[in-house]
Amino acid sequence: MDTYKRYICFHYYKVVLEEDRSGEWVNVGDFNIADWLANIEDNHLLKQEVALSDCMACIEKIELEPNEDIYSMRFHKLRDTNIPSKFKRGQDAETIPLEDGEYIAEEMNILYDRRIGVCMVQQNRMSLGTARIAEWMAKEYGKQYRVNFLPISNYEPTQRFRGKQIRAIDVTFANMEQQNGNIAFSDLLDGVRPLRACTGRLSLSVGHSRSKELDNVASIDLIEQLRGHTDIVSGARVKIRDDDKGRIELVDLFDEVLHDFIEFEIEPKVGLKFGTEKYQMLRQYHVRLREIEQHLGIEVEE
């Protein structure tokens, strides 16, 4: 049977619990997703709808890999609006009918390595993002705590941009219709939501002045926020001038995040099976594992 190829991007994150201490979020350690998954199963929440801030969601599958402390999960973002249609030659297109309690489901698959607190997350802008997953995981905590998916990157923003003249930050937004939590520009995004725009672009710069620059500390703080909200921010570039070299450099923040593309062959009219995707994710994760450990400063005996 003929197949088609689909390329899926996966990002790597360190998952932590943070506490609000006098208005500053402080990392208090790894967030144990395994305990959260056990709570999901104990409370019979598997394959059950859960209401998040701006959508419905469910977790369909949880599997622990034999002889490894690695969990595989499949989440779905659920909707009963904007329903697609199906078409047959010679007939009118028909909206796919949904019965009571049925939804259109957009998948997102995650691997979680409990040993080092790292997740490999499928990127699917039609589905849940890490911000929504983090919101769900933090439900049992009070407002004083939050779960945060920290991108594992080839650089650390403070070191990468400290001492540089940051001249411009360009941000591209997606999914603007959804709630955006505590991300920078929250008030701006909330203000334009009545327009029902789905995407947008914002450019911050010093104009044509050669001597001016954006505030370095505030810019680095913004960059950290942008990298942690890939469900809303679809792109971000920073234009910097290096005092030592005097040249302008354009840094794409998301090219710097550790990621992989995996090619899948899928039969037409058949979705990507959980087992197939899980197997490929596990294989690629083990290829990346040593590099991830190095980024996190984990010493591994050879």
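Conventions adopted
- Residues numbered from 1 in each chain as written.
- Predicted model: local features only at pLDDT ≥ 70, side-chain atom pairs only at ≥ 80, totals over all residues.
- Heavy atoms only, no water.
- Helix = DSSP H or I, 4+ residues; strand = E, 2+ residues; numbered from the N terminus.
- Buried < 20%, exposed > 50% of the residue type's maximum accessible area, 1.4 Å probe, protein only.
- Contact = heavy atoms within 4.5 Å.
- Expected span 1.5 Å × (residues − 1).
- Arc of directions from axis to C-beta.
- Polar contact = N/O pair within 3.5 Å; in protein donor to acceptor, adjacent residues only side chain to side chain.
- Core = buried A, V, L, I, M, F, W, Y, C linked by side-chain atoms within 4.5 Å.
- Pairing = 2+ DSSP bridges.
- Axes fitted to C-alpha atoms, helices over the stretch in contact; angles between N-to-C directions.

## Structural notes on the overall build of the protein chain
Here comes step 1: Secondary structure assignment for the protein chain yields six helices and 15 strands.
Here comes step 2: Scored against the burial criterion, the 302 residues of the protein chain give a buried share of 45%.
Here comes step 3: Here the contacts in the protein chain between residues at least 6 apart in sequence split such that 69% fall between residues at least 24 apart.

## A word on helix α5 (residues 216-227)
Here comes step 1: Across its 12 residues, α5 extends 17 Å between first and last C-alpha, which sits within 8% of the 16 Å expected from 1.5 Å per residue.
Here comes step 2: Three or more residues of α5 are buried, namely Asn216, Ser219, Ile220, Leu222, Ile223, Leu226 and Arg227. Each buried residue of α5 sits inside an arc of 160° when the element is viewed along its axis, so together they form one side.
Here comes step 3: Where α5 begins, one side-chain oxygen reaches toward the backbone nitrogen of Val217, 3.3 Å away; that side chain belongs to Asp215.

## A closer look at the nonpolar core
The tendency in soluble globular proteins is for nonpolar side chains to be buried side by side.
Here comes step 1: Core analysis: the biggest nonpolar cluster contains 31 residues, and Ile33, Trp36, Ile59, Phe75, Trp136, Val147 and Phe149 have the highest contact counts within it.
Here comes step 2: Elements supplying a minimum of two residues to this core: β1 (4-21), α1 (33-42), β4 (56-64), β5 (70-79), β8 (104-113), β9 (118-122), α2 (130-137) and β10 (145-151).
Here comes step 3: Ranked by the residues each element gives to this core, the list is headed by α1, at five residues.
Here comes step 4: Ignoring any residue separated from it by four or fewer positions in sequence, one finds Trp36 in contact with Phe31, Ile59, Phe75, Trp136, Met137 and Glu140.

## Brief notes about the sheet that holds strand β14 (residues 248-252)
Here comes step 1: Strand order across the open sheet formed by four strands is β12-β11-β13-β14, with antiparallel pairing between neighbours. Whereas interior strands pair on both sides, the edge strands pair on one side only; in this sheet they are β12 (200-205) and β14. Each strand axis lies, on average, 15° off the axis of its neighbour in the sheet, ignoring direction.
Here comes step 2: Alignment of strand β11 (residues 165-173) against strand β13 (residues 233-241), held across eight bridges, turns out to be antiparallel. Looking at the pairing, Phe173 lines up with Val233 of β13.

## Some remarks on the environment of Val238
Here comes step 1: Among the structural elements, Val238 can be located in strand β13.
Here comes step 2: A C-alpha to C-alpha distance of 5.8 Å links Val238 and Ala168, two positions 70 residues apart in sequence.
Here comes step 3: The contact partners of Val238, leaving out residues within four places of it in the chain, are Phe161, Ile166, Ala168, Ile169, Ile223, Glu249, Leu250, Val251 and Leu253.

## Focus: the environment of Arg237
Here comes step 1: Its place among the elements puts Arg237 in strand β13.
Here comes step 2: Distance in space between the C-alpha atoms of Arg237 and Val171 is 6.7 Å, their sequence separation being 66 residues.

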